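What the coordinates show
This is what each chain is made of:
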Amino acid sequence: MNYSQFMLKMKDGLQERLDAAVEIEMVSVPKNNGVVMQGFALRRPGEKVVPTIYTEGFYTDYLEGRDLEDILEDFLEIYEEQGEALPPDVEFFEDYGKVKKRLSLKLVNGKKNKKMLAEMPHKDFLDMAVVFYCLVDSPFAGTAAILIKDAHMENWGVTAEELYQDALANAEKMMPGTIRSMEELLSRMVLEEETPVWEWREEEKEDFPGLEGAQVQNRGMGGIPLLVLTNSRRYLGAACMLYRGLLAEFAGKLGKNFYILPSSVHEVILLPEDKVKDSGNLLQMVMEVNQTQLAPEEVLSDAVYYYDRKSGKISIYDEK
């Protein structure tokens, strides 16, 4: 059974198990970097907002031998959970004064998202683009992001520059940027350990004289300390590159210029210039990680960036 046939079988099976009034629609949802995901949107009478449940994972389960009946039961369980997780207040999206308090921004690849960018306000940044989203939290679903389209902007009567300034100010306050060692970040994620962001080991002070923070205990690149820049939620945190004064403050304490490696849309890695013996390997490393370690929609860029502390600017690094 190919994927199209599987989708039709699922739709028939869902319709048999649900009330006849529930409308089941097969949808294709564009994601970051041109990725398109397929799934079902299920709408009960009178519902304005409905969950979309993607089916690629279910099809993989089917190909691996899982029974379709079991798959349908799991799908319906997720459907019920997501229905509870939907935000009850959707009217706020008509009022920019309310949306403004939830605005944030993210960085995406400019070239890979040309089609998407044609339909939404954005701001060019190097080979990337800044886009805007409204952050919606739910006790069931965690964090969700509603991308801002041109139609939204026109309805609110605001400009792209106003969106940028409002989203940047709100993001800096709502999801402040943090710089941590890779080891310390992983300990927070896996062990939920809480350690101060700007602490570091006494024996490491010779590495970074004057730098008050950023633990450097992990040396996974031939002795190079891995420092991770992200936001407090570790969600779309690569946009912290845009935060006003954050990199300048870090560079001032570091006393050195540094490279910026876009490890995903959620974070970037900062590498002090004098700790990198062969910068020519950096681009190859970024491209290899993008191709082998990330889902396509998680990739930010195939470039390496460079921060100059004198000019306070980020540029695309050219090893030539």
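Residues numbered from 1 in each chain as written. Predicted model: local features only at pLDDT ≥ 70, side-chain atom pairs only at ≥ 80, totals over all residues. Heavy atoms only, no water.

Here the focus is the side chain of Asn 33. Residue placement: Asn 33 occurs in the loop between strand E1 (23-30) and strand E2 (36-43). A relative accessible area of 13% means that Asn 33 is categorised as buried. Here Val 299 takes part through its backbone oxygen, which lies 2.8 Å from a polar atom of the side chain of Asn 33. If we skip the residues at most four places from it in the chain, Asn 33 touches Asn 109, Lys 112, Asn 113, Pro 296, Glu 297 and Val 299. (Helix = DSSP H or I, 4+ residues; strand = E, 2+ residues; numbered from the N terminus. Buried < 20%, exposed > 50% of the residue type's maximum accessible area, 1.4 Å probe, protein only. Polar contact = N/O pair within 3.5 Å; in protein donor to acceptor, adjacent residues only side chain to side chain. Contact = heavy atoms within 4.5 Å.)

With that settled, the discussion passes to the nonpolar core. Residues Met 241, Ile 260 and Leu 270 are the most contacted members of the largest nonpolar core, which totals 50 residues. Top element by residues in this core is strand E6 (residues 128-138). It accounts for seven residues. (Core = buried A, V, L, I, M, F, W, Y, C linked by side-chain atoms within 4.5 Å.)

All right, on to the environment of Ala 238 then. Looking at the element boundaries, Ala 238 is found in the loop between strand E9 (227-231) and helix H9 (246-254). Relative accessible area serves as the criterion here: at 0%, Ala 238 is assigned to the buried category. Remark: the alpha-carbon pair of Ala 238 and Leu 107, spanning 131 residues in sequence, is separated by 6.6 Å. In this view, Ala 238 contacts Leu 107, Ser 264, Val 265, His 266, Glu 267, Val 268 and Leu 300; residues no more than four positions away in its chain are not counted.

Next up on the list: the sheet that holds strand E3 (residues 52-54). One open sheet holds the three strands; their spatial order is E1-E2-E3, and the pairing between them is antiparallel. The open sheet has two free edges, formed respectively by E1 and E3, since each of these has just one partner strand. Direction aside, the axes of adjacent strands within the sheet are offset by 35° on average. Both E1 and E2 contribute to a ladder of eight bridges, which runs antiparallel. Bridge pairing links Glu 23 to Arg 43 in E2. (Pairing = 2+ DSSP bridges. Axes fitted to C-alpha atoms, helices over the stretch in contact; angles between N-to-C directions.)

Strand order in the open sheet made by the six strands is E8-E9-E11-E10-E12-E13, with antiparallel pairing throughout. Each edge of the open sheet is held by one strand with a lone partner, namely strand E8 (177-181) and strand E13 (313-316). Neighbour-to-neighbour, the strand axes of this sheet turn through a mean angle of 30°, independent of strand direction. Sheet analysis places strand E12 (residues 305-308) next to E13, joined by four bridges and oriented antiparallel. Note on E13: the bridge partner recorded for Asp 308 is Lys 313. Where H9 meets the sheet, its contacts fall on E8, E9, strand E10 (258-264), strand E11 (267-272), E12 and E13, and the angle it forms with E10 comes to roughly 130°.

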